Amino acid sequence: MRTLLTALTTLLLAGSLSAQSYTVFIHGKSGKNHNGIGTTDVNSYWGSSVNSVSGNRIFIGYDGTTDPRTYGSSRAQTNISTGLTNYCKAGKSCKIVCHSAGCYAIEYWLSNLGSTASAKGFNITKVTALAAASGGSELANALNGITFGFGGNAMDKSLIVTTARGAFNHNNTGGVAVNHVPGYKGMFGASAILPGEDDYAVAYHSSCGYNRAGGLNKCQSSLTQYEGLWPFGSNRTYTQYSGHYRAPSVSSTGLYLDHGQIKTEGWR
């Protein structure tokens, strides 16, 4: 009897010791190749910003000039599949922190799972989406327009607003909550192109996970505003996609941070 109890205790202890949790960082647009899966932030996309997050940290990197929806060597979808299989299954759990087009990449991956993440064996507690570019950016539209479609790399083209919004079913998050953290510290020039509040790279319609593009200054589940010249305008309602929320620790006005500064908010 004592031998049996000892064996059971050993098994229980082994199980508790093997269970680990990770924060997985997925980067956005970059002129560098950050290809790699592991504890190294290849080519230092995140820098010291990850220090706001304690515990085990994992970085999923890829070529930051490529379309975040693509598979292959140094591509986002292949590395996300490999990384999350390694660190979010078999008794391991993870929280995902994405930035900008990295949110586009993970949302695309979740929407194409074919089921919920848990049903597929993944233990993903949530996604903290920092300045999500999954709704596209009007800056990509402008670049595409002024170069008549010849300018920009594959990442830039993927960020055209109609392309990003039509790329996948944004309402399908694989059963994982996507918590948005938007910033409103804009920049002269860029903010003249981006509608509503922005962080100089993406506007609130994208960084808050709204179901349509528009000029918005609040991040909340639903927002109705009058648009157009009175008396010819009308009320228009914007709602967040299913499974998308404002991070609970952030107010509806967002954070006075720009697109780069918001990388420090992964702790939310």
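Since the structure is predicted, the reported quantities are computational estimates derived from the model, not experimental observations.

The rules behind the values
Residues numbered from 1 in each chain as written. Predicted model: local features only at pLDDT ≥ 70, side-chain atom pairs only at ≥ 80, totals over all residues. Heavy atoms only, no water. Salt bridge = Lys/Arg side-chain N within 4 Å of Asp/Glu carboxyl O. Buried < 20%, exposed > 50% of the residue type's maximum accessible area, 1.4 Å probe, protein only. Disulfide = S-S within 2.5 Å.

**Describing the pattern of salt bridges**
- A complete count under the given rule lists four salt bridges for this structure.
- A salt bridge links Arg-69 to Asp-67, with the shortest nitrogen-to-oxygen separation between them at 2.7 Å.
- On the basis of relative accessibility, which here comes to 22%, the residue Arg-69 falls in the partly exposed class.
- The partner of Arg-268 in a salt bridge is Glu-265, with the nearest N and O atoms 2.7 Å apart.

**Description of the state of the cysteines**
- Inspection of the entire model under this criterion finds three disulfides.
- Sulfur-sulfur distance for the disulfide between Cys-88 and Cys-94 comes to 1.9 Å. Across the S-S bond linking Cys-88 and Cys-94, the dihedral sits near 105°, which makes this disulfide right-handed.
- With a relative accessible area of 0%, Cys-88 lands in the buried category.
- Across a sulfur-sulfur distance of 2.2 Å, Cys-98 and Cys-103 are joined as a disulfide pair. An S-S torsion of about 100° defines the bridge between Cys-98 and Cys-103 as right-handed. Assigned by exposure class, Cys-98 and Cys-103 land together as buried.
- In the protein, the bonded cysteines, taken in the order they occur along the sequence, pair up as 1-2, 3-4, 5-6.

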